[in-house]
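Topology and contacts: notes
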Amino acid sequence: MREQELAIVEKLVRLFAGSCPSLPNVAVTLALMFSAISADAPAASVEEVVQQIQEQVVAVDVFVGDQLFDSSSGVVVGQSEVVAPCNGIPEEGSIRIRSGGVTREGRVTQRDILRNLCQLEVSGLNLRPVQIVAVNTARTGQRVYAISNALGMGVAVSAGVVSALRTSSKGALLQFTAPVAPGSDGGGLFNESGQLVGIIRYQRLDGQNVNFAVPAEWLTQIATRAASQTALGTATDIAGKLARASRWDDLAEHARTRLAVARDDVEAWRWLALSAEKRNQHQDARNAHNEILRLEPDDYESILGRGWAQFRLGDHAAALNAAQAALTIRREDARPWMLAAYAQIALKRQQDVRKSVEAAVAADPWNANAQALMGMWAADTGDYAAAAAAFRMQAKLQPDNVAAWIQLANAYINLNRHDRALDAAERALSVDSNSGDALILKGRTLIGIGRKSEGIKTLEGAVRLKFPHPEWAWYWLASAYYDVKLYPEAIAAYQEAVRIEPKFVLARQWLAATLENCGRFDDALAEIDQVAKDDPKLPWIGRRRAAIHMVQGLDAKAMIEYEQSLTLDARQPRVWRALVDVYRRNDRAADARRAYDRLLELDRREAELAYQENFLPFEGSR
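These remarks concern the structure in this document. Bear in mind that the values here come from a model prediction, so they are computed numbers and not experimental data. Within every chain, residues take consecutive numbers counted from 1 along the sequence as written. Only residues with pLDDT of 70 or above have their local features reported here, since the model is predicted, and side-chain atom pairs are shown and tallied only from 80 upward, although totals for entire chains, interfaces and linings are computed over all residues. To obtain the side-chain values, all non-hydrogen atoms of the structure were included, while hydrogens and water were left out.

Let's talk about the environment of Lys533
The following threshold applies: Secondary structure counts use DSSP, requiring at least four H or I residues in a row for a helix and at least two E residues in a row for a strand, with both numbered from the N terminus.
With respect to the helices and strands, the residue Lys533 is situated in helix 23 (residues 521–534). Sequence-wise, Lys533 and Lys503 are 30 residues apart; in three dimensions their C-alpha atoms are separated by 9.7 Å.

Quick notes on the sheet that holds strand 3 (residues 81–84)
Strand pairing within a sheet occurs via backbone hydrogen bonds; the two strands may be parallel or antiparallel. Selection rule: Any two strands are treated as partners once DSSP identifies two or more bridges connecting them. Lines fitted to the C-alpha atoms define the axes, with helices restricted to the stretch that makes contact. Angles between their N-to-C directions range from 0 to 180 degrees.
Read around the closed barrel, the six strands follow the order 1-2-3-6-5-4; overall the barrel is antiparallel. Averaged over all adjacent pairs, the angle separating strand axes in this sheet is 40°, with direction ignored. The pairing of strand 1 (residues 57–64) with strand 2 (residues 67–78) spans eight bridges and is classified as antiparallel. When the bridges of strand 2 are listed, Val57 appears paired with Val75.

As for unusual backbone geometry
Operational definition: Residue burial is assigned from relative accessible area. The probe radius is 1.4 Å, only protein chains are included, and a residue is buried under 20% of its type maximum, exposed over 50%, and partly exposed in between.
Despite not being glycine, Asn126 shows a phi value in the positive range, around 55°. For Asn126, the position within the fold is in the loop between strand 6 (117–122) and strand 7 (143–148). Positive phi is not limited to glycine here, since Lys485 has a value of about 65°. Tracing the chain through its elements places Lys485 in the loop between helix 20 (470–483) and helix 21 (487–500). Note on Lys485: relative accessible area 59%, which makes it exposed.

A short note on the sheet that holds strand 9 (residues 171–176)
Selection rule: What makes two residues a contact is simply this: any of their non-hydrogen atoms within 4.5 Å.
Read around the closed barrel, six strands run 7-8-9-12-11-10, paired in antiparallel fashion. Across this sheet, the average inter-strand angle for adjacent strands is 45°, counted without regard to direction. Looking at chain direction, strand 7 and strand 8 (residues 156–168) are connected through six bridges and run antiparallel. Paired with Val144 across the strands is Gly160, a residue of strand 8. Across the sheet, helix 4 (residues 46–54) lies against strand 7, strand 8 and strand 10 (188–190), angled at about 35° from strand 7, the strand it touches most.

A few points about the state of the cysteines
Put simply, the rule reads: Defined by distance alone, a disulfide is two cysteine sulfur atoms within 2.5 Å.
Under the definition given, this model contains one disulfide. Between Cys86 and Cys118 runs a disulfide, and the two sulfur atoms are separated by 2.1 Å. On the sign convention where negative is left-handed, the bridge of Cys86 and Cys118, at about 115° about the S-S bond, is right-handed. Of this pair, Cys86 sits in the loop between strand 3 and strand 4 (94–99) while Cys118 sits in strand 6; the two residues are 32 residues apart in sequence, bridging distant segments of the chain.

Overview of the packing of aromatic side chains
Inclusion rule: Two rings belonging to Phe, Tyr or Trp (six-membered ring only in the last case) form a pair when the distance between their centres is within 6.5 Å. Interplanar angles under 30 degrees mark stacking, angles over 60 mark edge-to-face geometry, and anything in between is tilted. Both a distance and an angle decide whether a charge sits over a ring: NZ of Lys or CZ of Arg must be within 6 Å of the ring centre and within 35 degrees of the ring normal.
Applying the stated rule across the entire model yields 13 aromatic pairs. Among the aromatic side chains, those forming a connected cluster through ring pairs are Trp472, Tyr475, Trp476, Tyr494 and Phe504. Above the plane of the ring of Trp476 lies Arg444, whose end atom (NZ or CZ) is 3.6 Å from the centre. Directly above the ring of Phe615 sits Arg593, whose terminal nitrogen or CZ lies 4.5 Å from the centroid.

Looking at the nonpolar core
Heads up, the condition is: Here the nonpolar core consists of buried residues drawn from Ala, Val, Leu, Ile, Met, Phe, Trp, Tyr and Cys, with membership extended through side-chain atoms lying within 4.5 Å.
Core analysis: the biggest nonpolar cluster contains 56 residues, and Leu408, Ile528, Trp540 and Ile541 have the highest contact counts within it. If you tally residues by element for this core, the top one is helix 16 (residues 402–414), at nine residues. The next biggest cluster of nonpolar side chains, apart from the first, holds 29 residues, and it includes Ile303, Ala323, Leu373 and Met374.

Observations regarding the pairing of strand 2
Following strand 1, the chain reverses through two residues before pairing antiparallel with strand 2; Gly65 in that reversal takes a positive phi of roughly 70°. Note: strand 2 against strand 3, three bridges, orientation antiparallel. Bridging from a neighbouring strand, Val76 pairs with Val82 of strand 3. The hairpin turn running from strand 2 into strand 3, its antiparallel successor, is two residues long.

Comments concerning the pattern of salt bridges
The following threshold applies: Each reported salt bridge corresponds to a side-chain nitrogen of Lys or Arg within 4 Å of a carboxyl oxygen of Asp or Glu.
Overall, the coordinates contain 38 salt bridges when judged by the stated rule. When the shortest N-O distance is used, the salt bridge between Glu613 and Arg577 registers 2.7 Å. In this pair, Glu613 is assigned in helix 28 (residues 604–614) and Arg577 in helix 26 (residues 573–585), connecting sequence segments 36 residues apart. Taken together, the salt bridges that share partners define one network made up of Arg263, Asp264, Glu291 and Arg294.

Concerning the pairing of strand 6
For strand 6, the buried fraction is high: five of the six residues fall into the buried class. One ladder, built from four bridges, connects strand 3 with strand 6; its direction is antiparallel. Within the sheet, the bridge partner assigned to Glu81 lies in strand 6 and is Glu121. Relative to strand 6, strand 5 (residues 102–112) runs antiparallel, the two being bridged by six bridges. What sits directly across from Arg107, in strand 6, is Glu121. Counting the residues that bridge the hairpin from strand 5 to strand 6 gives four residues, and of these Asn116 lies at a positive phi of roughly 60°.

With respect to the packing of helix 23 against helix 24 (residues 539–551)
Our working rule: In what follows, roughly perpendicular refers to angles from 65 to 115 degrees, roughly parallel to angles under 35, roughly antiparallel to angles over 145, and oblique to any angle outside these ranges. Crossings are assigned a handedness: left-handed for a near helix turned anticlockwise from the far helix by less than a right angle, right-handed for a clockwise turn. Ten residues, namely Ala, Val, Leu, Ile, Met, Phe, Trp, Tyr, Cys and Pro, are considered nonpolar, four, namely Asp, Glu, Lys and Arg, are considered charged, and the remaining ones, Gly among them, are considered polar.
Contact pair helix 23 / helix 24: the axes reach a minimum separation of 10 Å and the direction vectors enclose 165°. Considered as vectors, helix 23 and helix 24 are oriented roughly antiparallel to each other. Taken as a pair, helix 23 and helix 24 cross one another with a handedness that is left-handed. Contacts between helix 23 and helix 24 involve Phe521, Ala524, Leu525, Ile528, Asp529, Val531 and Ala532 from the former and Trp540, Ile541, Arg544, Arg545, Ile548 and Val551 from the latter. The residue makeup of the contact of helix 23 with helix 24, split by class, is ten nonpolar, no polar and three charged.

See below:
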């Protein structure tokens, strides 16, 4: 009798699905009504169940023009009907359904925007619809199968168990362990009998394979709910078009118009937050996220969005708190780790930064921004090998990103890998032939591999370009001139660098050194004095003045300057050695011995040289 009843149900489902296009949910309703019958059916083998349910999930690809806009999953609710996520389907997009090696066109017939569920009509699909059971029929520990279009590679299955039944501000959630991936959103979560218990919501959460599904019975409510969301649907379509056209002022005005008639419309607050973020109006963005969180306190994206707004407003402690709150929800999302790292850098919590940066990369190795952050942090801390690895991955993920190739080239230069640095600089120039920074790096690498004439010519080309910091082009050109002993040219280039940026201390330091090499001691001292005005606690100042005084035979002044330099930084072995020399030459034996003892603590090799020059020659005469 049971087999006869099932046959009748299937016949009714096919009949209503094929003959009542104006009643799109009849097939779903019948499937739900008779789910108890199928629940008592003889257990099928795992292979049979998997084969059946795989045919009830399809791949959903959305194209805008000829470009793939989004790829997700859908479940079959009628012979020619599929339900998929709405957020990947812009109004102007064309929908293509892939199933069994065949691609068919689809169109949206109903939209439950608030639950992100769109019903699609797919001509010629002719597949058996899913059998729906209530989410509360699931049991903790029950085996489930996640069927989805993971990574857009086509429908595939993964197995796991039900972890828990939870609740959120939007209703019930079914937590499960079956692995899912981008593209799984909208796929089906099935029980051991092949019945649909949930619709997958893809998100990376804290802990491996911690995933969620919303109730499958939501599928039966789409038509009813869609009828009450007509105005929202129209507003959503307009907002989507404005966002895709980057018309952020118009999007803000559209959001405000919607909020004037629907103050608690979460989607309108999202549009307002997005438009504010894109226009760098961070106070407005924070306010909009506050409204979203008033309506939906556990909204992850707004917790994170408010945190970024707080960071950009300079409230770094609040931003860090927001990152930590987001991490209690999704530890395997790179973005809150990145927010935490930026906030920790601003708060000078250096001991925590690396942990956050490494966690961001571990959470999502394919996140180019996370790799860039890792590269910058590693470079700032002198770990150029790690910086090169991170920037190499960023450049792989974003081959048209000039900055990634430039950063990679710079990391290689610091590793003395000039051959690889040259390759990276050339890649940057292939993306933007007028990149001044890339030309500077190319010139530096050419000099580094011994092709000095080519390097200088390249740097001379760089200084003729317009880019944000031309003083660096002049600085590196001056350094190249200095390297080949073209001191007048080096002086002129250093002077141009400090003319462009008067507080360019490094350029002034080298200008002073070059002037000194040319015997222009008064000019050199004038530059040193200028550095002292900008950074009076720089140990280099006394060290450089002392060197000039030594050449001029002014030992008394030299001793004062060396001593001043050492009060600022006592760990300067060569300054202690110079001080040993000048003390000994001026018959200050006790001071020479004291300086030698300090040198011996710091650098035994330098101490040995100082001993041979200043003490050993006099021992035989005793």
